[in-house]
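Working through the structure, step by step
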Amino acid sequence: ANQEPLCSALLDVVTESGIDKLACDGPAHLASIAWAAARLPCTRHTGLRVTLRNVDPLLSSLVGSHEELSDGRRQNIASVIRTIYDMQLPDTARSLLIRTEDAEVAPGTEAWAAWLCGAAEAGDAELESRAWAGLARGLEGWSRTATLNAAAVRAFAEGRSDLAAMALRELGDNMEDAVTALLRARLVSGPSLQAGKGTKSRGCGNGPSTDQPLSP
């Protein structure tokens, strides 16, 4: 609590011009400040929260003008997504995912994993399904099959057979395995895999993330 006045004063300075000043030294600077602030008493600083909610310039600052994102930029995107969820801003995380898809940005495996874990914890089954699909797009072969099978299982667990059907349709018939066949049968016979709506994801972690942003 004694750190809050100093922390707030520092955030006042770096957010006074919105995302431009927060990201003036690059995406790692932006991600590091957001990551640190989420773990201090000033996590509810109005200026920081307003800045992070402005998703178009936020995405632009994280991605830059690079056609191919570096590993550092991808890790910074993932760190910001986790931070947004840590700050209890799930609607902002949802908007950022939608804008990322609209801009045809490939944010990388870590970012998709951050979205699907955050969406699962927030109980946003539709966003979790989109994150599973995004994760699968970066995979090939049986890894892609296993990912989309997992998406269908999670959808069944949330009582959303419609989302399970979407995941299995995206998989198609060419890479079906025994698990896929079982899941397709559940769609026809009635999904006994359903655990009821609102089932929380396991294994993503419920507390604040401890990963630190990396330089691009």
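Here the structure is a predicted model, which is why all the values come from computation and not from measurement.

What counts, and where the lines are drawn
Along each chain, residue indices are assigned from 1 in the same order as the chain's sequence is written. Side-chain atom pairs in this predicted model are given and counted only at pLDDT of 80 or more, local residue features only at pLDDT of at least 70, and totals for whole chains, interfaces and linings cover all residues. The basis for every side-chain value is the complete set of non-hydrogen atoms in the structure, without hydrogens or water. Put simply, DSSP marks the helices as runs of H or I at least four residues long and the strands as runs of E at least two long, and each gets a number from the N terminus on. Residue exposure ignores everything except the shown protein chains as possible cover, and the areas themselves are Shrake-Rupley values with a 1.4 Å probe. We call a set of buried residues a nonpolar core when its members are Ala, Val, Leu, Ile, Met, Phe, Trp, Tyr or Cys and they connect through side-chain atoms within 4.5 Å of each other. Think of it in three bands: with a 1.4 Å probe and only protein chains considered, a residue is buried below 20% of the maximum accessible area for its type, exposed above 50%, and partly exposed in between. What makes two residues a contact is simply this: any of their non-hydrogen atoms within 4.5 Å. Two aromatic rings, drawn from Phe, Tyr or Trp (for Trp, its six-membered ring), form a pair once their centres lie within 6.5 Å of each other, and the interplanar angle then sorts them: stacked below 30 degrees, edge-to-face above 60, tilted otherwise. Salt bridge, as applied in this entry: a Lys or Arg side-chain nitrogen positioned within 4 Å of an Asp or Glu carboxyl oxygen. Every axis in this analysis is a line fitted to C-alpha atoms, fitted for helices over the stretch in contact. Angles between the N-to-C directions lie between 0 and 180 degrees. If an angle is under 35 degrees, it is roughly parallel; if it is over 145, roughly antiparallel; if it lies from 65 to 115, roughly perpendicular; otherwise it is oblique. By the definition used in this description, the sense in which the near helix is turned from the far one sets the handedness, with an anticlockwise turn below a right angle giving left-handed and a clockwise turn giving right-handed. Throughout, the ten residues Ala, Val, Leu, Ile, Met, Phe, Trp, Tyr, Cys and Pro are labelled nonpolar, Asp, Glu, Lys and Arg are labelled charged, and all others, Gly among them, are labelled polar.

Of regular secondary structure, the protein chain possesses twelve helices and zero strands. In sequence order, the secondary structure elements of the protein chain are arranged as α-α-α-α-α-α-α-α-α-α-α-α. Of the accessible surface of the protein chain, which amounts to about 10,800 Å², a share of 51% is contributed by carbon and sulfur atoms.

Ranked by size, the top nonpolar core spans 52 residues in total, and within it L30, L58, I81, L96 and W115 carry the most contacts. Apart from the residues lying within four places of it in its own chain, the contact partners of L30 are I19, L22, A23, L58, S61, L62 and V80.

With that settled, consider the environment of V80. Structurally, V80 is set in helix α6 (residues 71-86). We classify V80 as buried; its relative accessible area is 1%. Considering only alpha carbons, one finds V80 and L30, 50 residues apart in sequence, at a separation of 8.4 Å.

Attention shifts here to the packing of aromatic side chains. Considering all chains together, one arrives at one aromatic pair under this definition. Where W112 meets W115, the ring centres are 5.3 Å apart and the plane angle is 45 degrees; that geometry is what we call tilted. Taken together, the residues span about one helical turn, with W112 and W115 both in helix α8 (residues 109-122) at a distance of three residues. The pair formed by W112 and W115 is uniform in burial state, with each residue classed as buried.

One side chain can pair with another of opposite charge once the charged atoms of both are near each other. Counted according to the given criterion, the structure contains twelve salt bridges. Between R99 and D56 there is a salt bridge; the shortest N-O distance is 2.5 Å. With a gap of 43 residues between them, R99 in helix α7 (residues 90-102) and D56 in helix α5 (residues 55-63) connect regions that are remote in the sequence. You can call R99 partly exposed: its relative accessible area is 30%. E110 serves as the salt-bridge partner of R82, at 3.1 Å between the closest nitrogen and oxygen. Residue R82 is located in helix α6, and its partner E110 is located in helix α8; the two are separated by 28 residues in the primary sequence. Assessed through its relative accessible area of 37%, E110 is described here as partly exposed. Salt bridges sharing common partners tie together D56, R99 and D102.

Two elements in contact, helix α10 (residues 141-157) and helix α12 (residues 178-189), have axes whose closest approach is 10 Å; the angle formed by their N-to-C orientations is 30 degrees. Compared by their axis directions, α10 and α12 come out roughly parallel. Like other packed secondary-structure pairs, α10 and α12 cross with a definite hand, here left-handed. Packed against α10, whose contacting residues are T145, N149, A152, V153 and F156, the element α12 presents V179, T180, L183, R186 and L187 at the interface. Grouping the amino acids of the contact of α10 with α12 by side-chain chemistry returns six nonpolar, three polar and one charged.

Further remarks concern unusual backbone geometry. What is expected of a backbone is that most residues other than glycine have negative phi and most peptide bonds are trans. One non-glycine residue with positive phi stands out, namely Q88, at about 60 degrees. By the element assignment, Q88 lies in the loop between α6 and α7.

Put simply, α10 and helix α11 (residues 161-171) touch, their axes get as near as 7 Å, and they point 170 degrees apart. Relative to α11, the element α10 lies roughly antiparallel. Judged by residue contacts, R144, T145, L148, N149, A151, A152, A155 and F156 of α10 engage S161, L163, A164, A167, L168, E170 and L171 from α11.

Before going further, it helps to spend a moment on the side chain of T100. Checked against the element boundaries, T100 lands in helix α7. Look past the residues within four positions of T100 in its chain and what remains in contact with it is L59, V105, P107 and W115.

Another aspect to go through is α11. Taken together, the buried positions of α11 are occupied by L163, A164, A165, A167, L168 and L171. At the C-terminal side of α11, G172 shows a positive phi close to 80 degrees.

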